[in-house]
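In case you want the letters, here they are:
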Amino acid sequence: MSASRLEAVTTRLAQAGECGIAPYVTAGDGGLGRTLAVLHALEGAGAACVELGLPFSDPVADGPLLQAAALRSLDSGTTFEGVVDLIGRYRSAGGALPILAFSYANPILSRGAEEACSRLAEAGADGLLIPDLPVEEQACIAGAVQAADLANVFFVTPTTADARIVRAAELSRGFLYVIGRTGITGTRTELGREGSEFLARVRSLTTCPLGVGFGINGPAEVAAVAPHAQLAIVGSALVEHVHQAALGSSPDQDIDAVCARAAANFLTQLREGLKP
Amino acid sequence: MSHERFERPTRFAAGEESFGGVFAPETLMDNLFALEAAWIAAGEDESFGAELTRLLETYAGRPTPTYHARRLSEAWGVDLWLKREDLLHTGAHKLNNTLGQCLLACSMGKKRILAETGAGQHGVASATAAALLGLECVVYMGALDAARQAPNVDRMRLLGAEVCIVEHGQRTLKDAINEALRAWVTDPEAHYVLGSALGPHPFPSIVAGYQEIIGHEARAQFLSAHGSLPDLAVACVGGGSNAIGLFRGFVDDASVELVGVEAGGVGSEAGQHAARFRGGRPGVLHGCLSYLLQDEDGQVQATRSISAGLDYPSVGPEHAALRAAGRARYESATDEEALAGFKDLAAREGILAALESSHALGWVRREREALAGRSVLVNLSGRGDKDMATILEVLAPDQDGEGS
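Residues numbered from 1 in each chain as written. Chains lettered and ligands numbered in written order. Predicted model: local features only at pLDDT ≥ 70, side-chain atom pairs only at ≥ 80, totals over all residues. Heavy atoms only, no water.

1. Quick notes on the overall build of chain B
For step 1, the next point in the chain: Each helix and strand counted, chain B has 16 helices and 14 strands in total.
For step 2, the next point in the chain: A globule of 404 residues ought to have a C-alpha radius of gyration of about 22 Å, and chain B, at 20 Å, matches this closely.
For step 3, the next point in the chain: Taken over the C-alpha atoms alone, chain B extends approximately 60 × 50 × 45 Å along its principal axes.
For step 4, the next point in the chain: Summed over its atoms, the accessible surface of chain B is roughly 14200 Å², and 48% of this surface lies on carbon and sulfur atoms.
For step 5, the next point in the chain: Of the charged side chains in chain B, 36 are positive and 54 negative; the average position of the first set lies 3 Å away from that of the second. (Helix = DSSP H or I, 4+ residues; strand = E, 2+ residues; numbered from the N terminus. Rg over C-alpha atoms; globule rule 2.2 N^0.38 Å. Areas by Shrake-Rupley, 256 points an atom, 1.4 Å probe, with all protein chains shown as cover. Lys, Arg positive; Asp, Glu negative; His and termini not counted. Charge placed at Lys NZ, Arg CZ, Asp CG, Glu CD.)

Here you go:
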């Protein structure tokens, strides 16, 4: 399937004039078994696709909540091969959500972009997002993502020049990742007039489906983003909600099941923001 | 105004290989474009250059001397010369860069600078330049480094800087840079004064450009005093700004061997040193592709060195390119060898060197038989006052150490 699985979802949303929810999950936060349960729960609760974060030791684009999640994941022993295996298990169990692997550049480049991309695609990943790889460096991975038929997704922000937005959109498949405002992940925000104007500017420059992220905490933000986007991306808020559910569980409970329920409930709440 | 492209090469090439680049989050890209534009404009502006020269000469104390260390030469059997960056205001070469970058910040209309620091020397130099030029200053410093370089923390605060202690990760330079980069993303009205010749383009070129005055001065001074060029130019390499500053003065002189000395720490196993060229392989950290200490999964490895300024898992990309081109070689000195270099210099020349610079001395000392009779120019990049607590702890464990 690969890139086409993601493109099918975002194209359908665009044609229907709808917005879906794209949750971000740090792979291996609480162990890979927990992530697997969370993925199935998110699918059951109606996610449109999922961003699966491969943990990195030095996540400079992330705020404290996602940094902490990455370190918890690394401390629990998560490896690249472990995440590949997780994706394979999700697919074997019938998991059908498009999966975008979200990784900093080094874990991909140090393995060799070709090998990393082919391992991810063979396991059932559909796309690749690299937060520290701007379009200026896309040549590092272009051949590898194409050979593996992964959808490469690039980022744009309110400070990105028009010509670079066009370029990022041309290079992206599935959707263009629009960071609604300047800042690091997990900063509480509202869309505001500037945000709306920025989204309108992006929309005027490309027909590529748009995924809008950074700062979505609840249904109100989803509702603000939905008219402008095909995907509302939620990261830190979900990761922290699930983590708190794990911390709040009692010893006699199945923590993975608790976390899966928490993820599903959070997604269901967010989807309230999609209702007209 | 948003920018569309970089005007200068973003990589340092060596044949088929190249290092550097711009591996930065999109949220930082416009800051980097704007910085490059300001840097190019400043380079073409005679009044900017004149002001920087005025500050370097009348405030910072340039030129620093190149000193013939005769007693230590005699002891080691090596013709040893020292470029005295330890005599620069604030006690290290770092001020060359912070004066340049703070003037750049002013030219961009910025009112505030952010900086990271390992040994504290760059933090002090940033706080100093900020005070001089009327800028606010926030310095990020790992908690481990703040503990072992306490005098520099006090110095920064007395100079009016806010010092943010970074409590996560390894709590050293790497984590301070992570935090400073994040702060810059959320505070684009500030200029980030990166302290070493690393990070995303244009930083490696900017920092090297402000530090190359070391090598140009040293070359002229050495020629004038000695009548010929040195056989070797040697410098310690953390991020590598003092080394690239020295090397750039000699890179076109094929007869001068360029040697960078990394931190060998306490052993050759992963986590016991910061010798990137021996234990690392190409990788991306903090925006640039260079040699990186990393595990097989691409996770950045812990480093260890007695010297906070060398305790960093990556190295400036221009060094990676010089090495790939065969123009420079990179060696390492252990904690113990650095301390031996420190002691000999103190006893024979009356100079307390920074632990960073002591690695360059430690390597020369270890290799003194192979270097016998050759002329060796070492960049004494900083003074050792900041390291007294660490050094006394190691050198005099049997004494009370309480002092009076």
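2. Here's the deal with the packing of helix α4 (residues 94-107) of chain B against helix α5 (residues 121-133) of chain B
Between two packed helices, what matters for the description is the angle formed by their axes and the separation of those axes.
All names here are of chain B.
For step 1, the next point in the chain: At their nearest, the axes of α4 and α5 sit 9 Å apart, and the two run at 40° to each other. Judged by the inter-axis angle, α4 sits oblique to α5. When you trace α4 past α5, the crossing you get is right-handed. For the pair α4 and α5, the contacting residues are K94, L95, N97, T98, L99, C102, L103 and C106 in the first and Q121, H122, A125, S126, T128, A129, A130, L132 and L133 in the second.
For step 2, the next point in the chain: Looking at side-chain class alone, the contact of α4 with α5 contains 10 nonpolar, 6 polar and 1 charged residues. (Axes fitted to C-alpha atoms, helices over the stretch in contact; angles between N-to-C directions. Parallel < 35°, antiparallel > 145°, perpendicular 65-115°, else oblique. Left-handed = near helix turned anticlockwise from the far one by under 90°. Contact = heavy atoms within 4.5 Å. Nonpolar A, V, L, I, M, F, W, Y, C, P; charged D, E, K, R; others polar.)

3. Looking at empty space enclosed by the protein
Residues and elements named next belong to chain B.
For step 1, the next point in the chain: Tallied over the entire structure, the rule returns 11 cavities of 30 Å³ or more.
For step 2, the next point in the chain: Of the volumes computed, that of the largest cavity is approximately 330 Å³.
For step 3, the next point in the chain: Lining the largest cavity are 31 residues, and of these H93, K94, A119, G309 and E356 sit closest to its centre.
For step 4, the next point in the chain: Of all the secondary-structure elements, those providing two or more residues to the lining of the largest cavity are β5 (112-117), α5, α8 (173-186), α11 (241-247) and α15 (355-366).
For step 5, the next point in the chain: Tallied by class, the residues present in the lining of the largest cavity amount to 10 nonpolar, 17 polar and 4 charged. (1 Å grid on protein atoms, 1.4 Å probe; cavity = no way out; pocket = protein on both sides within 12 Å on 5 of 7 lines; lining within 4 Å. Points joined across faces, edges and corners; volume = space filled by probe spheres on them.)

4. Considerations on the environment of L310(B)
All names here are of chain B.
For step 1, the next point in the chain: For L310, the position within the fold is in the loop between β12 (288-292) and α13 (317-324).
For step 2, the next point in the chain: Looking at L310, the relative accessible area reads 1%, which means it is buried.
For step 3, the next point in the chain: Taking the C-alpha atoms as reference, L310 lies 6.3 Å from E356; in sequence the two are 46 residues apart.
For step 4, the next point in the chain: Ignoring anything within four residues of it in the chain, the contact list for L310 reads C236, V237, G238, A263, A274, S305, E356 and H359. (Buried < 20%, exposed > 50% of the residue type's maximum accessible area, 1.4 Å probe, protein only.)

5. Details of helix α11 (residues 236-248) of chain A
For step 1, the next point in the chain: With 13 residues, α11(A) should reach 18 Å at 1.5 Å per residue; the first-to-last C-alpha distance of 18 Å fits that figure.
For step 2, the next point in the chain: Of the surrounding elements, those touching the buried residues of α11(A) are β1 (20-26), α2 (32-44), α3 (64-75), β9 (231-234) and α12 (255-272) of chain A. (Expected span 1.5 Å × (residues − 1).)

6. Structural notes on the interface of chain A and chain B
For step 1, the next point in the chain: Taken together, the contact between chain A and chain B spans 37 residues of the former and 35 residues of the latter.
For step 2, the next point in the chain: Applying the counting rule to chain A against chain B returns 4 salt bridges.
For step 3, the next point in the chain: Here R11(B) makes a salt bridge to E137(A), at a shortest N to O gap of 2.7 Å.
For step 4, the next point in the chain: Here chain A is connected to chain B by 18 residue pairs in polar contact (both at pLDDT 80 or more).
For step 5, the next point in the chain: Looking at the side of chain A that touches chain B, the elements that each hand over two or more residues are α3, α5 (105-109), β6 (155-156) and α8 (162-171) of chain A.
For step 6, the next point in the chain: For the side of chain A that touches chain B, the element with the highest residue contribution is α5(A), accounting for 4 residues.
For step 7, the next point in the chain: Split into classes, the residues belonging to the side of chain A that touches chain B amount to 20 nonpolar, 10 polar and 7 charged. (Salt bridge = Lys/Arg side-chain N within 4 Å of Asp/Glu carboxyl O. Polar contact = N/O pair within 3.5 Å; in protein donor to acceptor, adjacent residues only side chain to side chain.)

7. What to know about the sheet that holds strand β13 (residues 328-334) of chain B
Residues and elements named next belong to chain B.
For step 1, the next point in the chain: Spatial strand order, β3-β4-β14-β9-β10-β13: 6 strands in an open sheet with mixed pairing. Single-partner strands in this sheet number two, and they are β3 (66-68) and β13. The mean angle between the axes of side-by-side strands here comes to 30°, regardless of whether they run parallel or antiparallel.
For step 2, the next point in the chain: As defined by bridge partners, strand β4 (residues 79-84) adjoins strand β14 (residues 375-380) across 6 bridges and the pair is classed as parallel. Directly across from W81, in β14, lies its bridge partner L377.
For step 3, the next point in the chain: Sheet contacts for helix α10 (residues 213-226): β3, β4 and β14; angle to β4, the most-contacted strand, approximately 140°.
For step 4, the next point in the chain: Along the sheet, helix α14 (residues 335-349) makes contact with β3, β4, β10 (257-265), β13 and β14, crossing β13 at roughly 85°. (Pairing = 2+ DSSP bridges.)

8. Side note on the packing of aromatic side chains
For step 1, the next point in the chain: Here the structure, examined in full by the defined rule, presents 13 aromatic pairs over all chains.
For step 2, the next point in the chain: A ring pair is formed by F277(B) and Y291(B), whose centres lie 5.1 Å apart and whose planes are at 50°; its orientation type is tilted. Here the residue F277(B) occupies a position in helix α12 (residues 276-279), and Y291(B) occupies one in strand β12, the gap between them amounting to 14 residues.
For step 3, the next point in the chain: Classification of Y291(B) as buried rests on a relative accessible area of 14%.
For step 4, the next point in the chain: Connected via pairs of aromatic rings, a cluster forms that spans Y24(A), F56(A), F102(A) and Y104(A).
For step 5, the next point in the chain: It is R8(B) that lies over the ring of W39(B); its NZ or CZ is 5.6 Å from the centre. (Phe/Tyr/Trp six-rings, centres within 6.5 Å; stacked < 30°, edge-to-face > 60°. Lys NZ or Arg CZ within 6 Å of the ring centre and 35° of its normal.)

9. Regarding the sheet that holds strand β7 (residues 162-166) of chain B
Residue and element names in this part refer to chain B.
For step 1, the next point in the chain: Taking strand neighbours across the sheet as the criterion, the 4 strands line up as β7-β6-β5-β8 in an open arrangement whose pairing is parallel. Since the sheet does not close on itself, it has two edges, and those belong to β7 and β8 (191-193), each with one partner. If you compare each strand with its neighbour and ignore which way they point, the axes differ by 25° on average.
For step 2, the next point in the chain: One ladder, built from 3 bridges, connects β5 with β8; its direction is parallel. In the strand pairing of β8, A115 is matched with V193.

10. Overview of the packing of helix α1 (residues 26-43) of chain B against α8(B)
All names here are of chain B.
For step 1, the next point in the chain: Where α1 contacts α8, the two axes come as close as 9 Å, and the packing angle between them is 80°. Between α1 and α8, the crossing angle belongs to the class labelled roughly perpendicular. Contact residues: α1 offers T27, L28, N31 and L32, while α8 offers L181, W184 and V185.
For step 2, the next point in the chain: Tallied by class, residues from the contact of α1 with α8 come to 5 nonpolar, 2 polar and no charged.

11. Some remarks on the pattern of salt bridges
Residues and elements named next belong to chain B.
For step 1, the next point in the chain: Evaluated as defined, the whole model comprises 43 salt bridges over all chains.
For step 2, the next point in the chain: Across the pair R112 and D187 runs a salt bridge whose closest N-O atoms are separated by 2.6 Å. Here the residue R112 occupies a position in strand β5, and D187 occupies one in the loop between α8 and β8, the gap between them amounting to 75 residues.
For step 3, the next point in the chain: Residue R112 is classed as partly exposed on the basis of its relative accessible area of 21%.
For step 4, the next point in the chain: On the basis of relative accessibility, which here comes to 16%, the residue D187 falls in the buried class.
For step 5, the next point in the chain: Between E257 and R374 there is a salt bridge, and its shortest N-O distance comes to 3.4 Å. In this pair, E257 is assigned in strand β10 and R374 in the loop between α15 and β14, connecting sequence segments 117 residues apart.
For step 6, the next point in the chain: Under the relative-accessibility criterion, E257 is labelled partly exposed at 26%.

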